[in-house]
Amino acid sequence: VEVEDFALALPGEVDASFKRTLTLRAAKPVANLFFRAAVGAKIEPQAGGVFLVDDKVRFKFPGAQPIVRQLGGKAELLVPVTFNGKESKLVEEILW
């Protein structure tokens with residue numbers, strides 16, 4: 001899988017944010033592929049599809065349905081990677 005990562009810092013009136021677009025390409029679609037967006041002691045779903053990690057950083061993935069997995073005493077925020085043909089795009093918004 002080839003990965004292209006484009007990041008854009010966004011100023012905010014109160015909180016700054018960061019928008020990241022990941023483009024994944026493969027010769028053929030990859031099944032059961034996930035992007036591990038965050039690991040923390042605690043990850044909580046919030047309103048509007050936002051996930052709060054360790055009461056500090058908020059993550060949002062427009063158009064995706066992330067899941068929280070507990071593993072080894074930590075919480076992981078996993079985002080399924082879905083290919084449309086040979087490509088998949090994933091947008092990550094990070095707010096702090």
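One structure accompanies this document, and this report is about it.

Conventions adopted
Residues numbered from 1 in each chain as written. Predicted model: local features only at pLDDT ≥ 70, side-chain atom pairs only at ≥ 80, totals over all residues. Heavy atoms only, no water. Core = buried A, V, L, I, M, F, W, Y, C linked by side-chain atoms within 4.5 Å. Buried < 20%, exposed > 50% of the residue type's maximum accessible area, 1.4 Å probe, protein only. Helix = DSSP H or I, 4+ residues; strand = E, 2+ residues; numbered from the N terminus. Contact = heavy atoms within 4.5 Å. Salt bridge = Lys/Arg side-chain N within 4 Å of Asp/Glu carboxyl O. Pairing = 2+ DSSP bridges. Axes fitted to C-alpha atoms, helices over the stretch in contact; angles between N-to-C directions.

## What about the nonpolar core?
Then step 1. Phe35, Phe59, Phe61, Leu77, Val79 and Leu90 are the most contacted members of the largest nonpolar core, which totals 19 residues.
Then step 2. Contributions of two or more residues to this core are made by strand 2 (17–25), strand 3 (34–40), strand 5 (50–53), strand 8 (74–80) and strand 9 (87–95).
Then step 3. In this structure Phe59 touches Ala37, Ala38, Gly49, Val50, Phe51, Val53, Leu77, Glu92, Glu93 and Ile94, once residues within four positions along its chain are discounted.

## Examining the pattern of salt bridges
Then step 1. The final tally for this structure, using the stated rule, is eight salt bridges.
Then step 2. As a salt-bridge pair, Glu2 and Arg25 come within 3.9 Å of each other at their nearest N and O atoms. Note that Glu2 is positioned in strand 1 (residues 2–10) and Arg25 in strand 2, a separation of 23 residues in sequence.
Then step 3. By relative accessible area, which is 29% here, Arg25 ends up partly exposed.
Then step 4. One salt bridge connects Arg25 with Glu4, and the closest N-O pair in it is separated by 3.4 Å. Of the two residues, Arg25 is situated in strand 2 and Glu4 in strand 1; the sequence distance between them amounts to 21 residues.
Then step 5. You can call Glu4 partly exposed: its relative accessible area is 42%.
Then step 6. Three or more residues joined by partner-sharing salt bridges are found here, namely Glu2, Glu4, Arg25 and Glu87.

## A look at the sheet that holds strand 9
Then step 1. Overall, antiparallel pairing links the six strands, which are arranged 1-2-9-6-5-4 in an open sheet. The open sheet has two edge strands with one neighbour each: strand 1 and strand 4 (43–45). Averaged over all pairs of adjacent strands, the angle between their axes in this sheet comes to 20°, without regard to strand direction.
Then step 2. Direction of pairing for strand 2 relative to strand 9: antiparallel, over a ladder of nine bridges.

## Remarks on the side chain of Ser88
Then step 1. Within the fold, Ser88 resides in strand 9.
Then step 2. We classify Ser88 as buried; its relative accessible area is 4%.
Then step 3. Filtering out sequence-adjacent residues up to four positions away, Ser88 remains in contact with Leu22, Thr23, Leu24, Val81, Thr82 and Phe83.

## A short note on the sheet that holds strand 8
Then step 1. Spatial strand order, 3-8-7: three strands in an open sheet with antiparallel pairing. Each end of this open sheet is capped by a strand with a single partner; those strands are strand 3 and strand 7 (67–71). Neighbouring strand axes in the sheet, compared pairwise and without regard to direction, differ in orientation by 30° on average.
Then step 2. For strand 7 and strand 8, the ladder comprises five bridges, and the chain directions are antiparallel. Paired with Val68 across the bridge in strand 8 is Leu77.

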